[in-house]
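Breakdown of the fold
This is what each chain is made of:
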Amino acid sequence: MFQFAEISLTTWSILACLILLGIVLYIMTHNRQRWTTRMMANASLCIALAFILSYVKLYEMPQGGSVTLASMIPILMFSYAYGVAPGLMIGFAYGLLQFVQGGWFVHPIQFLLDYPLAFAMLGFSGIARKLPDRWGMIPGILLGVALRFLCAFMTGVFFWGDGAGEQNVLIYSAVYNGTYLIPETVICLVIAMIPQIRQLARQLSLSK
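Scope of this entry: the structure provided in the associated data block. (Residues numbered from 1 in each chain as written. Predicted model: local features only at pLDDT ≥ 70, side-chain atom pairs only at ≥ 80, totals over all residues. Heavy atoms only, no water.)

**Let's talk about the overall build of the chain**
Heads up, the condition is: Secondary structure elements are taken from DSSP: a helix is a run of H or I of four residues or more, a strand is a run of E of two residues or more, and numbering for both begins at the N terminus. Each residue gets one of three labels from its accessible area relative to the maximum for its type: buried under 20%, exposed over 50%, partly exposed in between, using a 1.4 Å probe on protein chains only. A contact between two residues is defined here by any heavy atoms of the two lying within 4.5 Å. The method behind every accessible area is Shrake-Rupley, applied with a 1.4 Å probe, and residues are considered shielded solely by the protein chains displayed.
Looking only at helices and strands, one finds nine helices and two strands in the chain. Starting at the N terminus and walking to the C terminus, you meet the elements of the chain as α-α-β-β-α-α-α-α-α-α-α. Taken over 208 residues, the chain has a buried fraction of 45%. In the chain, the share of contacts with a sequence separation of at least 24, taken over all contacts with a separation of at least 6, comes to 74%. Carbon and sulfur atoms form 68% of the exposed surface of the chain, whose accessible area is close to 11,000 Å².

Here's what the structure looks like:
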């Protein structure tokens, strides 16, 4: 019989990261959506706007992470307009820019989880475009941010657990990452409820 207890938490984290990466790469390659010039232009604009908004920080955590002026909204809108696969691609690219902005890493797996994979997860918000229109972007935003939180939670447990001190590392990671992601999500949800924002996202999709 398999002895799962003998597999370290670090090994499980690496396996989970590889699975996440595999899912992202599969969706990106399986759905070979044709990128038009307009679509690529919209992607560039959304990434640039998200990058600019990420500099407007309302609060910054001492060990990474911050509450910004809805910097996730452009990525979420693009995903809502074009779907999951394109959203994963620009989220992945945006995550690399976040690292260039001033990130740092202690392990390749931590780098993937904290930057390209974490922001690629926002692309899953694109599922909302297939849901009833009355729900708007809300379900997709909740899913995308929840998956981004999962990535941050894993790195908090397996790579930044020393900061927990005598606290339970699971609780520490959940509270730490929730401290900035929950307010950021609330800001994005409020903005997404503005009818003009959803209309703008729909207009992006009509310009494919």
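**What about unusual backbone geometry?**
Not every positive phi belongs to a glycine, and Ala70 is a case in point at roughly 55°. Within the element layout of this structure, Ala70 appears in the loop between β2 (66-68) and α3 (73-82). Residue Ala70 is classed as buried on the basis of its relative accessible area, which comes to 2%.

**Digging into the packing of aromatic side chains**
As a reminder of what qualifies: The aromatic pairing rule takes the rings of Phe, Tyr and Trp, using the six-membered ring of Trp, and pairs them if the centres are within 6.5 Å, calling planes under 30 degrees apart stacked, those over 60 edge-to-face and the rest tilted.
With the rule as written, the count across this model stands at nine aromatic pairs. Taking 5.3 Å as the distance between ring centres and 90° as the angle between the ring planes, the aromatic pair formed by Phe51 and Tyr55 counts as edge-to-face. In textbook terms, an aromatic cluster arises when at least three aromatic residues are bridged by ring pairs, as seen for Phe99, Phe111 and Tyr115.

**A closer look at the side chain of Arg148**
Relative to the assigned elements, Arg148 resides in helix α7 (residues 138-158). Arg148 has contacts with Met72, Ala118, Phe119, Met121, Leu122, Tyr180 and Leu181, leaving out every residue within four places of it along the chain.

**Regarding the pattern of salt bridges**
Heads up, the condition is: Salt-bridge detection follows one rule: a side-chain nitrogen of Lys or Arg within 4 Å of a carboxyl oxygen of Asp or Glu.
Across all of its chains, the model carries one salt bridge by this definition. For the salt bridge of Lys57 with Glu60, the shortest nitrogen-to-oxygen distance reads 3.4 Å. Among the residues examined, Lys57 registers a relative accessible area of 39% and is labelled partly exposed.

**Some remarks on the environment of Met121**
Structurally, the position occupied by Met121 is in the loop between α6 (116-120) and α7. Using a relative accessible area of 2% as the deciding quantity, one classes Met121 as buried. Met121 sits 29 residues away from Phe92 along the chain, and the two C-alpha atoms are 8.1 Å apart.

**Observations concerning helix α4 (residues 84-100)**
Spelled out, the test is: Helix span, expected: 1.5 Å multiplied by one less than the number of residues in the helix.
End to end, α4 covers 24 Å across 17 residues, agreeing with the expected 24 Å (1.5 Å per residue, within 8%). When we look at burial in α4, the residues that qualify are Val84, Ala85, Pro86, Gly87, Leu88, Ile90, Gly91, Tyr94, Gly95 and Gln98. A positive backbone phi angle near 150° is found at Gly102, which sits one or two residues after α4.

**Remarks on the nonpolar core**
Side chains of nonpolar character tend, in soluble globular proteins, to be buried together. Put simply, the rule reads: Residues enter a nonpolar core if they are buried and are Ala, Val, Leu, Ile, Met, Phe, Trp, Tyr or Cys, with the set joined through side-chain atoms within 4.5 Å.
Core analysis: the biggest nonpolar cluster contains 44 residues, and Ile75, Leu76, Phe78, Ile90, Leu122, Met137 and Ile141 have the highest contact counts within it. Elements represented by at least two residues in this core include exactly α2 (37-53), α3, α4, α5 (108-114), α6, α7, α8 (169-192) and α9 (195-206). Per-element tally for this core: the top contributor is α3, with eight residues. Apart from the residues within four sequence positions on either side, Ile75 is in contact with Cys46, Ile47, Ala50, Ile90, Gly91, Tyr94 and Leu122.

**Things to note about a nonpolar patch on the surface**
Cut-off, in case you're wondering: Patches draw on residues past 30% relative accessible area with no salt bridge. Two like charges within 9 Å are joined, as are two nonpolar side chains (Val, Leu, Ile, Met, Phe, Trp, Tyr) within 5 Å.
On the surface, a cluster of nonpolar side chains totalling about 370 Å² of accessible area is made up of Val56, Leu58, Tyr59 and Leu69. Its location among the elements puts Tyr59 in strand β1 (residues 57-60). Taking the relative accessible area as the measure of exposure, Tyr59 reaches 45% and is therefore partly exposed.

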